[in-house]
Structure formats: C-alpha cells, structure tokens
Amino acid sequence: MSLKRREARLGWGLVSIYLLYTAIFWGYPFVWMLILAFSRWKFVGSPKFVGLQNFFRIFEDKIFWRVFLNTMNFLSYFIPMVFIASILFAIALNRMKYFKTFVTLSFLVAYVSSGVAYSIMFQRIFSETGPINRFLYNAFGITIPWFTDPQLAMLTIAIMVTWKFVGYYGLILYSGLQAIPKSIFEAAELDGATSWVKFWKITLPLLNPAIVTVLILAVNLSFGIFTEPYMITGGGPMNRTLTFMLYMYNTAFQRINPSYATTIAIMTALINFSIVIFIRKVIEKEVTVV
Amino acid sequence: MRKKMGEIILHGVMILLALIWIYPYVWLFLSSIKPPEEIFTRFFPSRITLEHYKYIFTMAEKMERPFLRAFFNSLFVTLTVTFSVVFTSSIIAYGLSKLRFKGSNAVFNFIIFQMLFPGFMFIIPLFVLIRKLGLYNTYSAMIVPFLMSAWSLFMLTQSYKTIPQDYIEAAKIDGASTLWIIFRVMVPLSRSTLSIVGLFTFIGIWDNFLWPLMVVKDYNKMPLSVLLATFNHEYAAYVGPLMAGSVIQTLPMVLIFLIFRKQFLQGISMSFK
C-alpha cells in the first residue's frame, strides 16, 4: 500500500513540474487569447469588453478576405506542385538501385535550409539580374518579373516552398510505399494488371495514410507562412502575397491592435481546421492489407 | 534490354534533379566567395576571395550589426533550449509512462489536446505574458517559453512505453534510484527517439524567426536569423556580405543534418505513423 502511494506521489511530483510550467506558458496565454478576442486593447490599460465585435469586423475586413484569397491561391499552386512532385520522387526513389543516398540527401538538404537565409538566397536567384532570368534571357530572350508581378509573386513563393518540402514529403510517401507488401503487386501481375492499373488500384489506395499525412502537413504549412513574404515582398505587390501570419504580425505591431490580431489568429486556425477536417472526410480511407 | 534502358534513364533523371535541387546552395556558396562584380555575371568565380566574410565580421560590427555575437546568441539560446527539452522530457516522461497513479492518463490526453492547437494562436498572448513578466528584450524571452514541449513529452512517453517493465523491476531489486533508472535504463534504450527530439528542437529554435523578431529589439541580443533579416532590409545592396551571412546562418543546420542524417530519416518515417 505504502509502495503504491509512494509511486503515486513520485508520479504526481514529476508530472506537476510540467503542469506548473504549462499553466504559466500555455494556460495563461490561452486565457489571454480569449480575453483579447472579445475585447479592445492597445497594449496599455485594461482590455475593454466588446463582445463579438472583433469577429464581426473580420467579415467586413477587405484585407482579411484578400489574405484568404491569397492563401487559397497559394494552396492551388502549392498542393498540386508539391504533391505530384513528391509522389513522383517517392516512386522513382523506390525504383532506384544506385546513388540513392546522394539523391535523398540533396533533396533533404533543401528541407533543412533556414527560413531567413533561403528567402535571401531565392530573392537574389529570382531577381531581375539573377541566374534564372539570365538563363531565360540567353535561352529564350525573355525575363520574368518573379516577385514584382501581382499574379506571379505567390506562384514564385510556392515554387520556393515546393523546393524546400519535396524531399520531406517525398520521403514520407516513400516510407508509405515501402510498407506495401510486394506480394500484392505480384498477385496483380499474375492477373495481368498493367503498371497503370497497378498504380491506380493498388499503390494510390494503399498509400492513403501517407497521402493524408502529406496533405495535412502541406495545408498547415500554408496557413503558417511568414518568413518568405516578410523577407522578400513585404506582402506586396498589391497585397497579393500578404499571408495570415504577416497580416497578424502587422496588425499587432504596426497598427498596435493585439486584440484584433488575436482574432485573426483564431479565425485562421478555424479555417485551417475546417480544411483539414474536409480532407480527412473526403480523402481518408480505412486501409486494410490482407 | 528495354528495362535496362529505362533504369539508366531513371537514374540519369534523378541525379540531374538532385543537382538542380542543390544548385541554389552551390550558387549561394559560390556567391559568398566571389568578387562582388561577378555575383550576377559568372557561375564559377575567376578568383576566390574571403572579403565578404571579413566584411560581415568586421564592418557589420561598425554598422552595429554584430554578426559574431549574433552567432553566439543563437548558439546559446538554441543549446540551452535543446538541452532543457531533452532533459525535462526524459524525466517527466517516466512519470507519465511507467508510474501508475490516478490521473496520469488524463495528463497524457491533455498533452495530446495541447498539440492540436497551432502555435500561432498563442503567439500574441504569449507576447503579452513576456511583457508582463518583464522579460521583453532579454535572452529569457527567447528561452523560457520553450523550455518544455508537449510534443517532446509525447514522443518520449510513447518510446518509454515500449520498454518492458521487467528492466525497471530488475534495476529496483538491485537498489537503483529513480534517477538512476531514468538515466541508466530508460534514456539509453530510447536513444533514437531522444536524438530525434533533440535534433528537431535544435533546428526549430535555430531557425525560429517570428518569435525573436517580436521580443528582441536590441542588436546585441538578436539571434542570427533576426540580425540577418535586418541586415537584408537595411543594407540590401551588399549582396556579397549578405550571401556570406546566409551561409553562416545555414551552416549549423546543414552540418547537423549531415551528421545525424540517420536519425533524421527515422524521424521522417515516424511522422507518418
């Protein structure tokens, strides 16, 4: 009995270290998040309760909906690009016999590139006189205004982010591929299935858990973009690369409106959640390998 | 025969793509050792120079952009946080996984619940807290909010759960104390999870940008990421030094990745389960 109680006391002792810490650095901000969202406050004095006013304001906020469209715009470029590229990467890697380590490392080094440094790097690579435009000019006699054209700027950022994440997502899909038993493919071959049929009827369905993981990671990433537009475009041209995080940051620290900024963060999280739930409902399937 | 051709083409294409993928890094590195006039005109430098590195360490100092100091700031903050996360989660996870007491499951579920919330929801309220605690513009502001992490606790608890209870009983019979059990039995057996936690914490903190941008205004306390960003905003014309600064900021992450690539790959295949 006393042994059991000693164990319980030790357990609570250890866990309470975390609970105390989390009460301060998670619980307290959590409460403040709710206070801020329902009040008006400018970093000084005490918050004034305004009910749902901050949320109503969002629906009339043209910039917020511009930001929403920008994010949808980003998703519409980023998801197909990164998804197709990483699934091709995974399939090719699965078939490779030599140089596998070299290829994996080259793609993954992009993944560990640091946000600020890689933004600076791509800003110059895509700049007017940068190597990409110089190559295009020499080959086709054209240059492309990667970051200055309102239509193109978000696409360029999506290309950068794709460069960074293909290796990571590709490897998640690759480990999904490796988990598929070879015998299923062999059985299908005996039944005379072509590689096209095998891809659509076996590979894709059995890869479902990995695909859902990648899609959710990619959506969450898209709602959290900050460094790239902050460093390169500042949200321009014409607010076309303004993201939720950048808008939140500007609202809190340039317009000195932390309560509205918190409301933006909550709305962003809600939109993010609903898209993730939508993906799970539509795409996620139970996979059973017999 | 046709199959063989296909294989050769596949390997050729993948190697070519791999080269394209590291091209930006090669360009960045070569730009940092090129004479300034060649950055946008040549790929390979006609001569190698270290003037950009010299510039960023000496001149930047005079422009009140102390790069060397920022490098050590980053190192200090990142190592402190990484050490603390690894240390606290190795101990606390023991309580969650191996000690039976009422409420341990509830705490574990709470940790999972915490992980549902994206970090950006709390960033402004956390800023309010840091100001109230008087930590604005201090090293503590970059360190204290990250000393423990729900994700690391979760990862390590899961890993501890797979260790058989017999090992612990055996150690107890030999008269081992709790700390001895944690650091001589649990930690060595969960080494791979622990190194994944350490690696991802290190990279996350080293690369953190938004948070230090919000809480540190003093150039002498800035981490490398924020200092490099201010340098880019104010001295964008100094392309060479900027490239050198970017190389310096990226290097630790790339090195750590290359050294621990095995743990990295493990971490990635885990993120799918």
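Taking an unreviewed UniProt entry as the reference, chain B is identified by name as Sugar ABC transporter, permease protein belonging to Thermotoga maritima. Reading the Sequence similarities (unreviewed entry) entry of the UniProt record for chain B gives the comment "Belongs to the binding-protein-dependent transport system permease family." Within the UniProt record for chain B, the comment given under Subcellular location (unreviewed entry) is "Cell membrane".

If you check an unreviewed UniProt entry, chain A appears there as Sugar ABC transporter, permease protein from Thermotoga maritima. Comment text from UniProt for chain A, heading Sequence similarities (unreviewed entry), reads "Belongs to the binding-protein-dependent transport system permease family." For the record of chain A, the UniProt heading Subcellular location (unreviewed entry) holds the text "Cell membrane".

**Q** I'd love a proper account of the interface of chain A and chain B, names of residues and values included.
**A** If you look at the interface, chain A gives 87 residues, while chain B gives 88 residues. Both sides of the chain A and chain B interface together cover about 7,800 Å² of buried area, and 78% of this is carbon and sulfur. When the buried area of chain A at its contact with chain B is split by residue, Tyr18, Trp26 and Arg124 of chain A rank highest and sum to 9% of it. Applying the counting rule to chain A against chain B returns 2 salt bridges. One salt bridge connects Glu7 of chain A with Arg100 of chain B, and the closest N-O pair in it is separated by 3.8 Å. With 21 residues, helix H1 (residues 2–37) of chain A is the largest single contributor of residues to the side of chain A that touches chain B. The class makeup of the residues in the side of chain A that touches chain B is 64 nonpolar, 17 polar and 6 charged.

**Q** Give me the UniProt feature "domain: ABC transmembrane type-1" (unreviewed entry) in chain B: which residues, what numbers.
**A** Mapped onto the present numbering, the UniProt feature "domain: ABC transmembrane type-1" (unreviewed entry) falls on residues 71–260 of chain B. Regarding residues 71–260 of chain B, the helix share stands at 75% and the strand share at 0%, and the terminal C-alpha atoms are separated by 21 Å.

**Q** A description of the UniProt feature "transmembrane region" (unreviewed entry) in chain B should follow, citing residues and the corresponding values.
**A** Mapped onto the present numbering, the UniProt feature "transmembrane region" (unreviewed entry) falls at residues 12–30, 71–94, 106–130, 136–156, 194–215 and 235–260 of chain B. Within the segment residues 106–130 of chain B, helix and strand shares are 72% and 0% respectively, and the terminal C-alpha atoms sit 29 Å apart.

**Q** Describe a positive patch on the surface, listing the residues and the values that go with them.
**A** Residues Arg40, Lys42, Lys48, Arg57 and Arg255 of chain A make up a contiguous surface patch of positive charge. The residue Lys48 of chain A is located in strand E2 (residues 48–49) in this model.

**Q** Describe the domain arrangement of chain A, listing the residues and the values that go with them.
**A** As far as domains go, chain A holds domain 1 (1–37) and domain 2 (52–282). The distance between the C-alpha centroids of domain 1 of chain A and domain 2 of chain A comes to 36 Å.

**Q** So what's going on with the nonpolar core? Which residues, and what values?
**A** In terms of nonpolar packing, the biggest core is built from 191 residues, with Phe226 of chain A together with Tyr94, Tyr160, Phe209 and Val215 of chain B touching the most fellow members. Of the residues forming this core, the biggest block, 15 residues, is contributed by helix H7 (residues 153–178) of chain A.

**Q** Could you give an account of unusual backbone geometry, with specific residues and numbers?
**A** Residue and element names in this part refer to chain A. Here the residue pair Gly236 and Pro237 is connected by a cis peptide bond, since its omega of -10 degrees sits within 30 degrees of zero. When you line up the elements, Pro237 lands in the loop between helix H11 (227–232) and helix H12 (244–253). Within the chain, Phe43 stands out as a residue other than glycine whose phi angle is a positive 75 degrees. Residue position: Phe43 is located in the loop between strand E1 (39–40) and E2. You can call Phe43 buried: its relative accessible area is 10%. Phi is positive for Phe99, which is not a glycine, with a value near 60 degrees. Along the chain, Phe99 falls in the loop between helix H3 (62–95) and helix H4 (100–111). Using a relative accessible area of 52% as the deciding quantity, one classes Phe99 as exposed.

Quick notes on the rules
Residues numbered from 1 in each chain as written. Chains lettered and ligands numbered in written order. Predicted model: local features only at pLDDT ≥ 70, side-chain atom pairs only at ≥ 80, totals over all residues. Heavy atoms only, no water. UniProt positions renumbered as here; feature names shortened; annotations may be inferred. Contact = heavy atoms within 4.5 Å. Buried area = accessible area lost by both parts, 1.4 Å probe. Salt bridge = Lys/Arg side-chain N within 4 Å of Asp/Glu carboxyl O. Helix = DSSP H or I, 4+ residues; strand = E, 2+ residues; numbered from the N terminus. Nonpolar A, V, L, I, M, F, W, Y, C, P; charged D, E, K, R; others polar. Patch = residues over 30% accessible without salt bridge, like charges linked within 9 Å, V, L, I, M, F, W, Y side chains within 5 Å. Areas by Shrake-Rupley, 256 points an atom, 1.4 Å probe, with all protein chains shown as cover. Lys, Arg positive; Asp, Glu negative; His and termini not counted. Charge placed at Lys NZ, Arg CZ, Asp CG, Glu CD. Domains from an automatic or database assignment. Core = buried A, V, L, I, M, F, W, Y, C linked by side-chain atoms within 4.5 Å. Buried < 20%, exposed > 50% of the residue type's maximum accessible area, 1.4 Å probe, protein only.

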